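Architecture and fold: a report
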Amino acid sequence: MSDIQLYLLEFDKDKKETSRIAEQSATRLQNGELKLVALIENLGEYINNEESTLRTKAMAYLAEVLSFTPQKVLSRHQRNLLCDFILSRIADDGEGLGSCAKGLLALEERGKWDYERATAVIEVLINHTHPLRQYKLQTERYPVLTLIDTLMAKYRDALRNLHDTTPDFMARFISYFEGEKDPRNLMVVFSILKVPMIEWDIGADAQELFDAVFNYFPITFRPPPGDPYGITAQHLKDRLRDCIASTPDFAPYSFPALLDKLDSTSVNTKRDVLQTISSCVKEYGPRTVSLYSITLWDALKFEILNAQEEDLAQEALSALAGIAQTLADGSSGPLNAYLRPITNECNEHLEDAPTKQSQASGQILHKIASTSPETATIIISIILPNLYTLYQTADTTAKRRGLLEVLVQLIRADIEVFGEWRSLGKFTGDPLATNPLDKFGSRTLEVMANGLSTAPIKEVSFRLVCLNGLLHLTKVRQLLDDQDIAKVIQLFHDVVITEESYGKDEMKAAAINGLVEISHQKPQLVVDKAFPAFMAELPDTDADGSLTYLPVLEAFAKLASEEKVFDKVILRLKNKLNTAVKEHASSSYLVALLSAILYALNQGGVQLEQSSESSPYYQDIVLPLLSQVSSSDSSHQHAFDNETTLDLVGRICSIIIRPQSVEIQNKISKEIQSLFRGFSFTDVPPFNLNCTLQQTKWMIVTAHLLGAFRKEVALPSDTQSFLNALIQFTQQSSLTPPVRAATLSQISLVTNKFITTPTLNSLLEPILYPPTDLLSPSSLNPTTIRIIFAVLKGLVLRNSTLLSTIYPTLLSFLTNPTYGTTVAHGFTTLLQPADLLTKQNHCIISGLHKQKTFTLLVPNIAASFRAAEKETKPNYLIALSGVLRWLPFEIVQEELSQLLPLLLQSLDLKGEEGVKESAVGCLMKVLERNPGMVEEHTGSLITRLLSTATPIATVGSLGNNPAVGKATISGARAGVVNGNPARVRAVALKCLAMVPAQLKMEVVLPFRRQVVKKLAAALDDRRRIVRTEAVRCRAKWLEVDEVGDEDD
Amino acid sequence: MDPDKDNANPTILNPSDLPSRRRESSVKKREDGGVGLFDDLIPAYTYLNDPFDLPASSSDSDSDSVEDIDAQEIYDLISSISDPEHPLSLGSLAVVNLPDIRILPPTSAGSPISTVVVEITPTITHCSLATVIGLGVRVRLEQALPPRFRVDVRIKKGTHSTDEAVNKQLGDKERVAAALENGTLMGVLRKMLSTCE
């Protein structure tokens, strides 16, 4: 059998096999086994068959063989013959058009056509297959369109010449594509038509060409699921928009048509229209746009002045700005003509300020003015004089606020165009442009400064606008002189420092943020003017017991976020701290000052990194602080024995030492145990068990120092004895809880980063097992349990292999009658985000540690729970929730079906509020991410949440009998209290509120009555936060059957 | 814009100027006058907290302080209702105002029933939607207050041309119930209440 016969046999059965046959023929052609003449001869019988399907299939064979034939196998002459042959098929037959086009494409790829050939191809197509829509299969039309697209791309001149010489070619060409509906084909059609739009002289055909594409506007296509071509509505919209915006010749048709569609009620259509207008005004050029600018303004303004949807207003604004931008490229006449009605209308709206329209006017003016220096100048010089007149005569503060809001918008636009002190604007480089605000600068400053200082303190919104305006005014490049800016700075710090507190203190917050921004523009001015004022407000000591310093201190610390003044802020705070220490200030004042320093250092973290070699702050801050802590002579301040103070000192030292190099840290490390007192490390904690109470507290500071070290740093003593000393030290009963916690943290730090993996096992062996034998049931007590978890914490983060041997022992302790519950509570520490064990503290933190602990623990806990005695069951639930609460949902969901019943049972525990909170939190995650899992437990979930959230007495007693209902109402009042704290009640309600939206309607509906009824009790909860959640939750449940209502 | 609106251009209060609970409590809570800038410096899970000691130190502040439902709470419940014709809240349109909300204690010692009186101020005196707004406020309060409260919503005297008639309508239980059977009206109400927090 010949290849064609095989091909025809397989054609309807196996696509792959047919391709293989065609490929084989191609190979044989290449080898010379098969002559082209023979191939055509074999084909002859079928390609001329009476059966049209046979003809189609035969053509498909030819096209496929050609596409598999390698380059240069066919001679030029053969290609020409084949082309002629295929073209004659198109002209005579019409069957198998898609294959013909594929064949031509394959031939074109194998040798460039000449001018005449390209012309002939397009002529045959247009003359014999017009219109294309007569071919019903989109797969048949696609190759034809691709062929024409190729012709457009590679033989542009030929086609263009055809258009120039053949009068009706264009009309036939346009109508050829009419009625195309397939998205993939349309993408090609748009790209074909874009070429004549842009490059050809279309003259009389403009409208027809425009209609050919605009008929598809707006695109409402939604891709079918699993669309193999992956074409989205956005792709189509983008190409269509490019077509419409392609040539100014379309303007007479496009603008009216688009504005007509703007009246549509569909938001999507409107958005499309506005985006298309934006593209058009950008592409059509100043001459064309000037003809339509006012028409467009008249239509677009409604979208902004009476905005229904915020994003439509934004699109409309961009379109208006686009017009101004295009016009600014042309002569000044059209620009003026365009801006005149706009400024007139906005001026009118300003008269009624504050209204939605006056606000919208502000947006319009801002957006348009920020397009170019010319527009900014025109708008500012027309609007501002009128605005001032209105301001002068305004009779209410509200009106003044409305006017100033517009003024601020104009200043912002001015900044965008002409720049700030520290950064250039879009057009600052233009030497001809002078800033139009120059004329109004002092006037504006005066008005707003006046407003800020004279308006009553309760006019918050008005004063906020003044403040915002002043801030922007100080930013405008080269507008105000330093004296004026100093005036603004003073106004701002007056608000922060001297003004009395009012409401939410929005003014103070805004003023301090304003100062931070000004210090970015003019750092020296802020240092000179505002800093002394702040310092004067901070007392040297708080002996009089006043607390007024705190807001000032907070504000001052915030200034550190500006890098230009960071150094100065730290310096002043440090000096203040030194004075306060000398003057015996109370520890609460010192805590406040230390907090401020820490806050400031956190803000300026970048600068600390930069000076990683030898930090000046180390000499200036760390050493003096540490010597203050460790002094034992008369200069020692008792304020430094306070644990909070020591913690802050530790944190401050840590943040400074952290970025230093290993060499520098090595030098520091020798001294840390004794805090630079020069004692031997054996005389101080943790090695000396007989030190003073003051000395034991050093552990809090050294914990932070240890945290700051890189893991390569050598510790003063060897790790084994250090670890042993820490364990010994922790077990002293005289320690205060914070000191003990600090010691435990040091244990975690050592096991995490100061022991290398190969030595880990040998180092921990003598601690976990005899002689120290922490993991023996007989050595369990509250302190050893803490030590075990401290060691584990270090191991968990580094994903140590030891975990798999330690965890089973630990789980077995849960059955311990005395200490089981204590052990259970420890599990929450394992995955809790750690304060000291962090990446910044150079700790080893494996990305998979949560996953590992989950797999090692959770399935085991779930299994043991089922087998456990009744008394020890709660321990498993506590341990489980301790692990789960820190895990991301992705990890938890693996075991979800097992865990859900356990989580629900956790809600029944008595007194374990932390456990309940975490269980509810976990249930919320499940509801949010995988609600289907919960469905089978719906009833149990709802009942448990209700009983967690509502007073005990109401559960089960609120029947249909109204008398019983009344009894519980008064019962709730009389003080029948739910055992759960408010936080748990609130979170349970939050979870319950998620149920109706996340679960299927038919699952939820049966519970609606019961839930709504029982929630009435929660509405009368003693605590406001619970009531708020109850209201929210009840509203969600009340909505449940309302969907059904609408159907009636 | 929709030309049918009774008042196309009402006065709007800025959110900064509306009464709110947060303002009052934040001032009371922080006697030092700070804004709590330094509160986050030490993480909530600081190593200094001992997870083993937690169960002992809780819920003590919970049971002994009762926060009663007050006018501000009622205000918070209804100020976020949307106006039926503007995309704005009743609070920012000053339709509901804090001073116009009163809670009357039970009339006799034996009765647990308190009454909430809310007087609403239509944006203009001939506002045809005053009844709908009143109904919205009423429905919201009935859903959100415990059953021991009776809800009385009325138009503030002298702020509406037909306030007497509207009040009669709002006070009539049967007519309210009948109104709530009306599908279109419920649709409007649902839309108004959908912005409630």
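Residues numbered from 1 in each chain as written. Chains lettered and ligands numbered in written order. Predicted model: local features only at pLDDT ≥ 70, side-chain atom pairs only at ≥ 80, totals over all residues. Heavy atoms only, no water.

For chain B, an unreviewed UniProt entry supplies the name MIP18 family-like domain-containing protein and the organism Lepidopterella palustris CBS 459.81. Heading Sequence similarities (unreviewed entry) of the UniProt record for chain B holds this comment: "Belongs to the MIP18 family." (UniProt positions renumbered as here; feature names shortened; annotations may be inferred.)

In the nomenclature of an unreviewed UniProt entry, chain A is known as MMS19 nucleotide excision repair protein of Lepidopterella palustris CBS 459.81. Taken directly from UniProt, the Subcellular location (unreviewed entry) text for chain A runs: "Nucleus". Per UniProt, chain A carries the Sequence similarities (unreviewed entry) text "Belongs to the MET18/MMS19 family."

With respect to helix α29 (residues 587–603) of chain A
Here α29 of chain A contains 17 residues, and its C-alpha end-to-end distance of 24 Å stays within 8% of the 24 Å for a straight helix at 1.5 Å per residue. The buried fraction of α29 of chain A is high, at 13 of 17 residues. (Helix = DSSP H or I, 4+ residues; strand = E, 2+ residues; numbered from the N terminus. Expected span 1.5 Å × (residues − 1). Buried < 20%, exposed > 50% of the residue type's maximum accessible area, 1.4 Å probe, protein only.)

Comments concerning empty space enclosed by the protein
Residue and element names in this part refer to chain A. In the structure shown here, the tally under the stated rule is seven cavities of 30 Å³ or more. One number sums up the size of the second largest cavity: a volume of about 70 Å³. What lines the second largest cavity is Ile457, Val460, Arg463, Glu499, Glu500, Ser501, Tyr502, Lys504, Asp505, Glu506, Met507 and Lys508. Looking at the lining of the second largest cavity, the elements that each hand over two or more residues are α23 (460–475) and α25 (506–521). For the lining of the second largest cavity, the element with the most residues is α25, which contributes three residues. Its residues assigned to classes, the lining of the second largest cavity comprises four nonpolar, one polar and seven charged. (1 Å grid on protein atoms, 1.4 Å probe; cavity = no way out; pocket = protein on both sides within 12 Å on 5 of 7 lines; lining within 4 Å. Points joined across faces, edges and corners; volume = space filled by probe spheres on them. Nonpolar A, V, L, I, M, F, W, Y, C, P; charged D, E, K, R; others polar.)

So, the packing of aromatic side chains
Centre distance and the angle of the planes are the two values used to describe a pair of aromatic rings. Residues and elements named next belong to chain A. On inspection of all chains with the given rule, the structure shows 21 aromatic pairs over all chains. Plain terms: the ring middles of Phe210 and Phe214 are 4.9 Å apart, the flat faces sit at 20° to each other, and that makes the pair stacked. Separated by four residues within a single helix, Phe210 and Phe214 lie in helix α12 (residues 206–214), roughly one turn from each other. Accessibility expressed as a relative area gives 1% for Phe210, which makes it buried. (Phe/Tyr/Trp six-rings, centres within 6.5 Å; stacked < 30°, edge-to-face > 60°.)

Points about the nonpolar core
Residue and element names in this part refer to chain A. In this structure, Phe534, Phe827 and Trp1037 are the most contacted members of the largest nonpolar core, which totals 404 residues. For this core, the element with the highest residue contribution is α29, accounting for twelve residues. Setting aside residues no more than four positions away along its own chain, Trp1037 makes contact with Ile942, Leu992, Val995, Pro996, Val1004, Phe1007, Arg1008, Val1011, Val1012 and Leu1015. (Core = buried A, V, L, I, M, F, W, Y, C linked by side-chain atoms within 4.5 Å. Contact = heavy atoms within 4.5 Å.)

Remarks on the UniProt feature "domain: MMS19 N-terminal" (unreviewed entry) in chain A
Mapped onto this numbering, the UniProt entry annotates "domain: MMS19 N-terminal" (unreviewed entry) at residues 40–306 of chain A. Here residues 40–306 of chain A is 71% helix and 0% strand, with 71 Å between the C-alpha atoms at its ends.

Examining the sheet that holds strand β1 (residues 101–104) of chain B
Residue and element names in this part refer to chain B. The strand order across the open sheet built from three strands is β1-β2-β3, with neighbouring strands paired in mixed fashion. Looking at the sheet topology across the chains shown, the edges are occupied by β1 and β3 (149–155). For this sheet, the mean inter-axis angle between neighbouring strands, taken without regard to orientation, is 20°. (Pairing = 2+ DSSP bridges. Axes fitted to C-alpha atoms, helices over the stretch in contact; angles between N-to-C directions.)

Details of the pattern of salt bridges
Under the definition given, this model contains 41 salt bridges over all chains. Lys154 of chain A is the partner of Glu108 of chain A in a salt bridge, and the nearest nitrogen-oxygen pair spans 3.3 Å. Of the two residues, Glu108 of chain A is situated in helix α6 (residues 97–109) and Lys154 of chain A in helix α8 (residues 138–154); the sequence distance between them amounts to 46 residues. Take Lys154 of chain A: its relative accessible area is 47%, and that puts it in the partly exposed class. Among the salt bridges present, the one from Lys301 of chain A reaches Glu345 of chain A, with a minimum N-O distance of 2.6 Å. A residue pair is termed long-range when its members are at least 10 positions apart, and Lys301 of chain A in helix α16 (residues 286–305) and Glu345 of chain A in helix α18 (residues 332–351) qualify at 44 residues. For Lys301 of chain A, a relative accessible area of 11% corresponds to the buried category. A cluster of three or more residues bridged by salt bridges with shared partners is formed by Arg1024 and Arg1027 of chain A together with Asp70 and Glu73 of chain B. (Salt bridge = Lys/Arg side-chain N within 4 Å of Asp/Glu carboxyl O.)

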